[in-house]
Amino acid sequence: MYAAISALYVNPTYYFRVPRWMNEVTDHTQDAYHYGGDFSVFLGLGVAALVYLVLAWRPLHKEAAKQEELLKEQGLLPA
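Keep in mind the model is a prediction, meaning the values are calculated, not measured.

Enquirer: Is there a simple way to explain the overall build of the chain in this structure?
Expert: Counting its regular elements, the chain contains 3 helices and 0 strands. Counting across all 79 residues of the chain, residues that qualify as buried make up 18%. For the chain, contacts bridging at least 24 residues in sequence account for 35% of all contacts bridging at least 6.

Enquirer: Would you mind showing me how to read the confidence of the model for the chain here?
Expert: Reading predicted coordinates in detail is not appropriate for stretches of low pLDDT. Taken as a whole, the chain shows an average pLDDT of 77; of its residues, 71% reach a score of 70 or greater. Taking the mean pLDDT of every element in the chain, the minimum, 69, falls on helix H1 (residues 2-6) and the maximum, 88, on helix H3 (residues 40-73).

Enquirer: What is the right way to look at H3 in this model?
Expert: Residues spaced three or four apart along an α-helix point in a common direction, a consequence of the helix completing one turn every 3.6 residues. Its 34 residues place the ends of H3 47 Å apart at the C-alpha level, agreeing with the 50 Å of an ideal helix rising 1.5 Å per residue. In H3, a bend of some 50° at Ala56 exceeds every other bend along the element, and Pro59, a proline, comes one to four places later. Note on H3: the residue one or two positions beyond its end, Gly75, has a positive phi of about 80°.

Enquirer: Honestly, a nonpolar patch on the surface in this entry has me stumped. Any pointers?
Expert: On the surface, a nonpolar cluster with roughly 440 Å² of combined accessible area is contributed by Leu43, Val47, Val51, Val54 and Leu55. Turning to its location among the elements, Val47 is positioned in helix H3. Residue class for Val47 comes out partly exposed when judged on its relative accessible area of 34%.

Enquirer: Would you mind going over the pattern of salt bridges with me for this structure?
Expert: Think of it this way: side chains of opposite charge can pair up when their charged atoms draw near. For the coordinates displayed, the defined rule picks out 1 salt bridge. Lys72 is the partner of Glu68 in a salt bridge, and the nearest nitrogen-oxygen pair spans 3.5 Å. Here Glu68 and its partner Lys72 are both found in helix H3, 4 residues apart, which amounts to about one turn of the helix. Residue classification places Lys72 among the partly exposed residues on the basis of a relative accessible area of 41%.

Rules used throughout
- Residues numbered from 1 in each chain as written.
- Predicted model: local features only at pLDDT ≥ 70, side-chain atom pairs only at ≥ 80, totals over all residues.
- Heavy atoms only, no water.
- Helix = DSSP H or I, 4+ residues; strand = E, 2+ residues; numbered from the N terminus.
- Buried < 20%, exposed > 50% of the residue type's maximum accessible area, 1.4 Å probe, protein only.
- Contact = heavy atoms within 4.5 Å.
- pLDDT = per-residue confidence, 0-100.
- Expected span 1.5 Å × (residues − 1).
- Bend = angle between axes of the 7 residues up to and from the residue.
- Patch = residues over 30% accessible without salt bridge, like charges linked within 9 Å, V, L, I, M, F, W, Y side chains within 5 Å.
- Areas by Shrake-Rupley, 256 points an atom, 1.4 Å probe, with all protein chains shown as cover.
- Salt bridge = Lys/Arg side-chain N within 4 Å of Asp/Glu carboxyl O.

This is the structure in structure tokens:
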């Protein structure tokens, strides 16, 4: 959530304003009219994918190895 809100573009006309230190990406991509880029969706998805890969890396390989072993035992996978 922090990754998504750090890239969230907040229009100054909205009631909800995010402090400058919370949306660093938008703050550093501002143009002459003080509109910054909205990368919240992409940054949120990217960070979520990285966290998922880090947390699922070891169990995923264990499960794949066990499945391969079972397929070899049943003769469905060449040895």
